[in-house]
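What follows is each chain in one-letter form.
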Amino acid sequence: MYGQLLGGGYVSKDMKTGMYTLRHVISTFGQCLRQAVPKAAASALWLLKLMLPISLVVTLAHHYGVLDIIARWLNPLFALLGLPGSSSVAFVSGATAGTYAGIAAMMSMPLTMREATILALMIALCHALPMECAVNKKTGSSFWKMGVLRVIMAILCALLLNLVLPPMEEKYMFLGADRSGGLSEVMTLWAWSQLKMSVVVFLIIYALMAVQRLLEAYSLLRPLSLRLSPLMHFFGLPEGAAYMWLVGNVLGISYGAAVMVDLEERGIISRKEANEVNYHLIMNHSMLEDTLVFAATGISALLLISVRVAFAMVLVWGRKCRW
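Residues numbered from 1 in each chain as written. Predicted model: local features only at pLDDT ≥ 70, side-chain atom pairs only at ≥ 80, totals over all residues. Heavy atoms only, no water.

Considering the packing of helix 4 (residues 99-106) against helix 13 (residues 287-296)
Consideration 1: The geometry of helix 4 relative to helix 13 is characterised by a closest axis approach of 11 Å and an angle of 10° between their N-to-C directions. Relative to helix 13, helix 4 is oriented roughly parallel. Where helix 4 approaches helix 13, its residues T99, Y100, I103 and M106 are matched on the opposing element by E289, D290, V293 and F294.
Consideration 2: Of the residues contributing to the contact of helix 4 with helix 13, the split by class is 5 nonpolar, 1 polar and 2 charged. (Axes fitted to C-alpha atoms, helices over the stretch in contact; angles between N-to-C directions. Helix = DSSP H or I, 4+ residues; strand = E, 2+ residues; numbered from the N terminus. Parallel < 35°, antiparallel > 145°, perpendicular 65-115°, else oblique. Contact = heavy atoms within 4.5 Å. Nonpolar A, V, L, I, M, F, W, Y, C, P; charged D, E, K, R; others polar.)

Put into structure tokens, the structure is as follows:
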């Protein structure tokens, strides 16, 4: 038997078979679960400090009609994108509060499937900007550069789709306009939703941190990275970005950033490499959840995925070619 120092502890193997012994498998598993708790709590607290104030401000802005005022300024632009002026409310809601806010606004207005498809791609590329750009800044990217790039790419995407999409006159899912209650009701609903969200945030980050430590403890992270390295090269990303790329694409920028920060702090990935990954993830993240949510309302999943991947590659490789 011999010990291999990984993840802060020793994991024993049988020298003849190369297999982990049951006793050490159980011991290391428990150790990884314990090590993940304080890091997950710290990361969840950091995310909630960003998410809760932003969510509160956006909720109040929506309640008092501030978002409607902002949206009216965008009406002339949206007419050029093949969208009705009222759809700017959905885009502003998605860009400030997130995908679900954008979808809720979309379903509150009569749209054709063509209009809904264009709007869905815009929101997929450009949502939750205040929070996600703050997360990008935490991992080494410019807050304003990330935000401006996402807005520009969303507009370019809409212009392109308006040129190539065929007529799609069937109606998008319409559930009627959402009417907010009084301020006390709005705040009560907000507080309850944020409490539930806080629990979910901690559980998701804890699971990610635990899985990450288990992958490292059993020497699985490197094989995973090697298997995905051809894909990373194709996307123009560093090989060591494989794990955070998976996390970002499955669960999103916010949760992926918690892992990214942890990898930075332990020297597994450099700040420069993390910044490179951000350029891909701002276009192409949370592919599982976002795609399923939009697809459930009738938007083409294949179109969502292909356009987002294409725009991510254009942004990353365009930046590389410029340098």
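Next comes the rest of the account.
Observations regarding the packing of helix 12 (residues 271-281) against helix 14 (residues 301-322)
Consideration 1: Packing of helix 12 against helix 14 leaves a shortest axis separation of 7 Å and a crossing angle of 140°. Between helix 12 and helix 14, the angle falls in the class oblique. Of the residues in helix 14, those touching helix 12 at N275, E276, Y279 and H280 are A312, L315, V316, R319 and K320.

Remarks on the side chain of T291
Consideration 1: One can find T291 in helix 13.
Consideration 2: For T291, a relative accessible area of 9% puts it in the buried group.
Consideration 3: In this structure, T291 is in contact with S286, A301, L304 and I305, ignoring residues within four places of it in sequence. (Buried < 20%, exposed > 50% of the residue type's maximum accessible area, 1.4 Å probe, protein only.)

Some details on the confidence of the model for the chain
Consideration 1: Averaged over every residue, the pLDDT of the chain is 82; residues scoring 70 or more account for 89%.
Consideration 2: This stretch, residues 1-18, has a pLDDT under 50; its non-local contacts, to residues over four places away or in other chains, come to 39 contacts. (pLDDT = per-residue confidence, 0-100.)

What about the packing of aromatic side chains?
Consideration 1: Scanning the entire structure with this criterion turns up 5 aromatic pairs.
Consideration 2: Measuring from ring centre to ring centre gives 5.7 Å for F78 and F91, while their planes differ by 55°; the resulting arrangement is tilted. Of the two residues, F78 sits in helix 2 (residues 66-80) while F91 sits in helix 3 (residues 88-97), which places them 13 residues apart along the sequence. An identical accessibility class is assigned to F78 and F91; each is buried.
Consideration 3: Centre to centre, the rings of F235 and W245 are 5.6 Å apart; their planes meet at 35°, and the pair counts as tilted. One end of the pair, F235, is in helix 9 (residues 221-235); the other, W245, is in helix 10 (residues 242-251), and 10 residues separate them in sequence. In terms of burial, F235 and W245 fall into one category: buried.
Consideration 4: Among the aromatic residues, those joined into a ring-pair cluster are F234, F235 and W245.
Consideration 5: When the ring centre of Y279 is taken as reference, the NZ or CZ atom of R319 above it lies at 4.1 Å. (Phe/Tyr/Trp six-rings, centres within 6.5 Å; stacked < 30°, edge-to-face > 60°. Lys NZ or Arg CZ within 6 Å of the ring centre and 35° of its normal.)

Digging into the pattern of salt bridges
Consideration 1: Taken as a whole, this structure holds 3 salt bridges when the rule is applied.
Consideration 2: E132 is the partner of R150 in a salt bridge, and the nearest nitrogen-oxygen pair spans 2.7 Å. With R150 in helix 7 (residues 143-164) and E132 in helix 6 (residues 129-138), this residue pair connects regions lying 18 residues apart in the sequence. Taken individually, R150 and E132 each receive the classification buried, so the pair is uniform in this respect.
Consideration 3: Residue D290 is joined to R308 by a salt bridge in which the shortest nitrogen-to-oxygen separation is 3.5 Å. Of this pair, D290 sits in helix 13 while R308 sits in helix 14, and the two are 18 residues apart along the sequence. (Salt bridge = Lys/Arg side-chain N within 4 Å of Asp/Glu carboxyl O.)

Remarks on helix 3
The α-helix advances 3.6 residues per turn, and as a result positions three or four apart in sequence lie on the same side.
Consideration 1: Here helix 3 lies mainly inside the structure; 7 of its 10 residues are buried.
Consideration 2: Taken together, the buried positions of helix 3 are S88, A90, F91, V92, S93, G94 and A95.
Consideration 3: On its buried side, helix 3 packs onto helix 2, helix 4, helix 5 (113-125), helix 6 and helix 7.
Consideration 4: Where helix 3 terminates, the next one or two residues include G98, which has phi positive at roughly 130°.

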